[in-house]
Amino acid sequence: MPSDEWWREGVIYQVYPRSFQDSNGDGIGDLQGIISRLDYLEWLGVDAIWLNPITVSPDADVGYDVADYCAVQPVFGDLSTVDALIAEATARDIKVVLDVVPNHRSDRHPWFIDARSSLSSLHRDWYVWADPKPDGSRPNNWLSAFGGPAWTLDPRTGQCYLHNFLPEQPDLNWWNPAVRDAFDDIYRFWFDRGVAGFRIDVAHGIVKDRELRDNPVATKDDPAWVRAHGQRSVYNVERPEVHDVLRRWRAVANTYDPPRILLGETYVRDVRSMGRFYGQGDELHLAFNFTYVHAPFEAAALARVVAESEEIIPAVGWPVWTVSNHDVSRVMSRWAGGDERKLRCALLSLLRLRGTPVLYYGDDIGMADTRLRKADLQDPLGKRFWPAPRGRDPERTPMHWGSEPGGGFTNVGVRPWLPTGDVAARNVADQRRDPSSTLRFVRDLIAVRRQRTDLRSGAYQQLPSPAGVWAWQRGADTTIALNLSDEPVRVPAIGGAIVISTNRSRDGERVEGGLALGPWEGATCSSAST
Ligand code: NOJ
């Protein structure tokens, strides 16, 4: 593989920095801690790590409210720790991808402090301001993704500012060329330091309708999540002009050797919209597929999303898959309901589709969401809507490295920033020793992927299969089948031999007369070994 295309065939591992490894005993993960776990990541076989924001933030939205884009949050380290992380990761052939937040900034960022100081301040037009209506109501009906109106009145100047998320996260005005220039500089700052690329927060939503038109109110024909929100967000996200900005960023990324990658958080819920963010190979390299994440864990539904994605993602693009992240319930809880067999089927799909897998920390050992008390919560959404809908803390709890108190994440006796949960049930130390563990399964899945060109780059083709089963071929000789049902089945289209199965005792088994699978069992097979 050409080295500048590592992101097509590699596996990306998402590290939530606050929860990966605490190196200084303050109960919060940090960059030095990540460095100390690079040997583990190398052993696991990943090609890159993506870190959630590590930049300076007052943490109204746990790092997604950035107050300084070119400095490190002191609790994580400093720029020299980033340099050390990049150097140590590079020595292990692991790339470092950071997270950038261009849609909004912290209300404590100097630009916003200046912007709100007067109607004529230098940075006033760097944000989105509008007069309240004559009756004092908000400029339009836009709602924040976090609930409530997307506008807050700023009493000093009498205007409202826009925030698609928290009031502490004012949206930038991406119509302003100065904002665009300033972001190019932020990208260059990090790319120059050797960062391999960026995961781009809200990549689909940064440009807003220039006329600030009202969003259409949801109707009974809209999908459930639109109805729950109350409106179709057609004017405050996913405007066509966002593509100009993405092309501009791609051009910046392409000036580097190797080109830096752009991995977009394209939080749209239909595949056709997601596919547009690849442009003509001149926008995002990878656009996250949230339709897959939110699909029910059913063979027909998952196969449908993948078939549609295969059809829609342009040939110049490349799919990217994930089954968990810091905003959605962990796959062990969401899809698997705590059932190891189901978890393995989900992980098998993640690491066997055509495209780049992004593995969320802790999914390597099958961590479940952690049950939390109200007093434990850190996520503003969790606090605001307690007890429902659940906030995002349950999937952000510390990594389980060992069974000792603190789970090897922090020192014994230190209170971690979020409770660790049951570290004895699933942890790296125990699972590393156990050849039948989830961790060894994930590691072997990655290793097999590395060995087989079919799995890294071969075409995807769905195979005929009985109800409840999803089967597909990759490249010339590799087939995969998942029985997502409670009944034993036989998949006639699959022969050869099992390379790796969710039921490890079947690895190497010859397949005669079709592949027989037990309930919630899956396998990768090789027809070449007949
Ligand atoms: C998406 C991020 O993943 C999420 O954690 C954050 O709260 C919002 N964007 C706002 O930045």
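Above this note sits the structure.
Here the residue numbers are simple positions, counted from 1 along each chain's written sequence. In view of the model being predicted, local features appear only for residues whose pLDDT reaches at least 70, and side-chain atom pairs are presented and counted only at 80 or more, with totals across whole chains, interfaces and linings using the full set of residues. Side-chain metrics rest on all non-hydrogen atoms present in the structure, leaving aside hydrogens and water.

## Looking at empty space enclosed by the protein
Here the term cavity refers to a set of points on a 1 Å grid, laid over the protein atoms alone, in which a 1.4 Å probe fits but cannot get out; the term pocket refers to an open set having protein on both sides within 12 Å along at least five of seven lines, with lining residues being those that place an atom within 4 Å of a point. Grid points are joined across faces, edges and corners, and a volume is the space filled by probe spheres set on the points. Summed over the entire model, instances satisfying the criterion amount to 2 cavities of 30 Å³ or more. Reported here for the largest cavity is a volume of approximately 90 Å³. Around the largest cavity sit Tyr16, Pro17, Arg18, Asn52, Pro53, Thr55, Ser57, Asp59, Val62, Gly63, Gln73 and Phe76, which together line it. One number sums up the size of the second largest cavity: a volume of about 60 Å³. Together, Pro53, Ile54, Thr55, Tyr69, Leu98, Asp99, Val100, Ile186, Trp190 and Phe198 line the second largest cavity.

## A short note on the site of the ligand
Any residue with at least one heavy atom within 4 Å of a molecule or strand is counted as near it. For the ligand, the set of nearby residues contains 14 residues, the closest of which are Asp61, Asp201, His326, Asp327 and Arg392. For the purposes of these results, a polar contact is taken to be a pair of N or O atoms within 3.5 Å, where, inside protein, one atom must be able to donate a hydrogen and its partner to accept one; residues adjacent in sequence count only when each atom of the pair is a side-chain atom. Here an oxygen atom of the ligand and a side-chain polar atom of Asp327 are 2.5 Å apart. The contact in question runs from an oxygen atom of the ligand to an N or O atom on the side chain of Arg392, over 2.9 Å. In the complex, 97% of the free accessible area of the ligand, which totals 300 Å², lies under the protein chains. Here the open area of atoms and residues is found with the Shrake-Rupley method and a 1.4 Å probe, where only the protein chains shown may cover a residue.

## As for the sheet that holds strand S2 (residues 48–51)
Pairing is parallel in the open sheet, where 8 strands are placed in the order S11-S10-S9-S5-S2-S1-S13-S12. Here the strands that pair on one side only, and so sit at the sheet edges, are strand S11 (286–287) and strand S12 (320–322). In this analysis, strands are considered paired if DSSP registers two or more bridges between them. By definition, any uninterrupted DSSP run of H or I lasting at least four residues is a helix, any uninterrupted run of E lasting at least two residues is a strand, and each is numbered from the N terminus. Note: strand S10 (residues 261–264) against S11, 2 bridges, orientation parallel. Bridge assignment links Leu263 to a residue of S11, and that residue is Leu286.

## Considerations on the packing of helix H13 (residues 340–350) against helix H16 (residues 438–451)
What counts as an axis is a line fitted to C-alpha atoms, over the stretch in contact for a helix, and the angles between N-to-C directions run from 0 to 180 degrees. Interhelical geometry of H13 versus H16 gives an angle of 20° and a closest axis separation of 11 Å. What the angle tells us is that H13 and H16 run roughly parallel. Of the two elements, H13 crosses H16, and the hand of that crossing is right-handed. Contacts between H13 and H16 involve Glu340, Leu343, Arg344, Leu347 and Leu348 from the former and Thr438, Phe441, Val442 and Leu445 from the latter. Broken down by class, the residue content of the contact of H13 with H16 amounts to 6 nonpolar, 1 polar and 2 charged. When an angle is under 35 degrees it counts as roughly parallel; over 145 it counts as roughly antiparallel; between 65 and 115 it counts as roughly perpendicular; any other value is oblique. By definition, any crossing whose near helix is turned counterclockwise from its far helix by less than a right angle is left-handed, and any crossing with a clockwise turn is right-handed. Whether two residues touch is decided by their heavy atoms; if any such pair falls within 4.5 Å, the residues are in contact. Side-chain classes are defined by residue name, with Ala, Val, Leu, Ile, Met, Phe, Trp, Tyr, Cys and Pro counting as nonpolar, Asp, Glu, Lys and Arg as charged, and the others, Gly among them, as polar.

## Regarding the packing of aromatic side chains
Pairing of aromatic rings covers Phe, Tyr and Trp, the last through its six-membered ring, and needs centres within 6.5 Å; plane angles under 30 degrees mean stacked, over 60 mean edge-to-face, and all others mean tilted. Inspection of the entire model under this criterion finds 32 aromatic pairs. Measuring from ring centre to ring centre gives 4.9 Å for Phe297 and Trp335, while their planes differ by 20°; the resulting arrangement is stacked. Note that Phe297 is positioned in the loop between helix H10 (290–293) and helix H11 (299–312) and Trp335 in the loop between helix H12 (331–334) and H13, a separation of 38 residues in sequence. For the pair shown, Phe297 and Trp335 are each scored as buried. An aromatic cluster of three or more residues is present, and its members are Tyr69, Trp174, Phe183, Tyr187, Phe191, Phe198, Trp249 and Tyr256. Two conditions define a charge located above a ring, namely a distance within 6 Å from the ring centre to NZ of Lys or CZ of Arg, and an angle within 35 degrees of the ring normal. Here Arg105 stacks its cationic end above the ring of Trp111, 3.4 Å away from the centre of that ring. Here's how the labels work: a residue is buried when its accessible area is under 20% of the maximum for its type, exposed when over 50%, partly exposed in between, all with a 1.4 Å probe on protein chains only.

## Quick look at the pairing of strand S14 (residues 460–463)
When S14 meets strand S15 (residues 469–474), the two strands line up antiparallel, connected through 4 bridges. Looking across to S15, one finds that Tyr460 is bridged to Arg474. Hairpin connection, S14 to S15: the antiparallel pair is bridged by 5 residues, and Gly468 has positive phi, about 85°.

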